[in-house]
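Structural features, examined
Here's the letter readout for the chains.
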Amino acid sequence: MASCDTCRKIIKLLPNSDKLEFHDIRQNPITSHELDEMFQLSGSYEALFSRKAQLYKSLDLKNKSLSESDFKKYLLEHYTFLSRPVFIIDDKIYIGNSQKNVSEVIKVLS
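It should be emphasised that the depicted structure is a prediction, and the values quoted were computed from it without experimental measurement.

1. Thoughts on the overall build of the protein chain
- Helix and strand counts for the protein chain stand at five helices and two strands.
- Listing the helices and strands of the protein chain from first to last along the sequence gives α-α-α-α-β-β-α.
- Scaling as 2.2 N^0.38, a compact globule of 110 residues should have a C-alpha radius of gyration of about 13 Å, and the protein chain matches this with 14 Å.
- Projected onto its principal axes, the C-alpha coordinates of the protein chain cover approximately 40 × 25 × 25 Å.
- Partitioning the contacts of the protein chain with sequence separation of at least 6, the portion at a separation of at least 24 is 53%.
- Summing over all exposed atoms, the protein chain offers an accessible surface of approximately 7200 Å²; the carbon and sulfur share of this is 48%.
- If you average the places of the 16 positive and of the 15 negative side-chain charges in the protein chain, the two averages end up 9 Å apart.

2. Notes on the packing of aromatic side chains
- Evaluated as defined, the whole model comprises five aromatic pairs.
- Put simply, the rings of Phe-49, Tyr-56, Phe-71, Tyr-74 and Phe-81 touch in pairs and so form one group of aromatic residues.
- Directly above the aromatic system of Tyr-74 lies the positively charged group of Lys-73, at a separation of 4.2 Å from the ring centroid.

3. Concerning the side chain of Ser-44
- Along the chain, Ser-44 turns up in the loop between α2 (32-42) and α3 (54-58).
- For Ser-44, a relative accessible area of 17% puts it in the buried group.
- From its side chain, Ser-44 meets the backbone nitrogen of Ala-47 in a polar contact 3.0 Å long.
- Ignoring sequence-local partners within four residues, the contact set of Ser-44 consists of Phe-39 and Glu-68.

4. Notes on the nonpolar core
- Ranked by internal contacts, the top residues of the largest apolar core, which has 17 residues, are Leu-35, Leu-48, Phe-49, Leu-61, Leu-75 and Phe-81.
- Residue assignment for this core shows that the elements contributing at least two residues are α2 and α4 (68-77).
- In terms of residue count, α4 provides more of this core than any other element does, three residues in total.
- In contact with Leu-75, not counting residues within four places along its chain, are Ile-30, Leu-35, Tyr-45, Leu-48, Phe-49, Phe-81 and Leu-82.
- The next biggest cluster of nonpolar side chains, apart from the first, holds eight residues, and it includes Ile-10, Tyr-94, Val-102 and Val-105.

5. Quick word on unusual backbone geometry
- Here the residue pair Arg-84 and Pro-85 is connected by a cis peptide bond, since its omega of -5° sits within 30 degrees of zero.
- Relative to the elements of secondary structure, Pro-85 occurs in the loop between α4 and β1 (86-89).
- Phi is positive for Asp-90, close to 50°, though the residue is something other than glycine.
- Residue Asp-90 is classed as exposed on the basis of its relative accessible area of 73%.

6. Some words on the packing of α2 against α4
- Running from N to C, α2 and α4 point in directions that differ by 130°, and their axes come no closer than 10 Å. The orientation of α2 relative to α4 falls into the category oblique. In the packing of α2 onto α4, the handedness of the crossing is right-handed. Along the contact surface, α2 presents Ser-32, Leu-35, Asp-36 and Phe-39, while α4 presents Glu-68, Lys-72, Leu-75 and Leu-76.

Quick notes on the rules
- Residues numbered from 1 in each chain as written.
- Predicted model: local features only at pLDDT ≥ 70, side-chain atom pairs only at ≥ 80, totals over all residues.
- Heavy atoms only, no water.
- Helix = DSSP H or I, 4+ residues; strand = E, 2+ residues; numbered from the N terminus.
- Rg over C-alpha atoms; globule rule 2.2 N^0.38 Å.
- Contact = heavy atoms within 4.5 Å.
- Areas by Shrake-Rupley, 256 points an atom, 1.4 Å probe, with all protein chains shown as cover.
- Lys, Arg positive; Asp, Glu negative; His and termini not counted.
- Charge placed at Lys NZ, Arg CZ, Asp CG, Glu CD.
- Phe/Tyr/Trp six-rings, centres within 6.5 Å; stacked < 30°, edge-to-face > 60°.
- Lys NZ or Arg CZ within 6 Å of the ring centre and 35° of its normal.
- Buried < 20%, exposed > 50% of the residue type's maximum accessible area, 1.4 Å probe, protein only.
- Polar contact = N/O pair within 3.5 Å; in protein donor to acceptor, adjacent residues only side chain to side chain.
- Core = buried A, V, L, I, M, F, W, Y, C linked by side-chain atoms within 4.5 Å.
- Axes fitted to C-alpha atoms, helices over the stretch in contact; angles between N-to-C directions.
- Parallel < 35°, antiparallel > 145°, perpendicular 65-115°, else oblique.
- Left-handed = near helix turned anticlockwise from the far one by under 90°.

Spelled out as structure tokens, the structure:
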């Protein structure tokens, strides 16, 4: 189950969540291949990247000009850089915990 409190709360809201396959990226980091699949669906590594991560602040990344290859590198280096949760349902990707995003996921799973 998710190690993130926000993700756990969202999962409890989802209908048919028992039919979902969960991937705890803290225990089992995403692979380059998995990240590339998410890139294909989202259109960019930056779309998958969380600027809320503590490491983003501590590494002072906000003051650096990051390229797509930089975003990919950071996403593979540490799980906290991935904007969570990420849902892939019927070849469509839903990234992050915005109310709009969660509502769309609930609608799709209903």
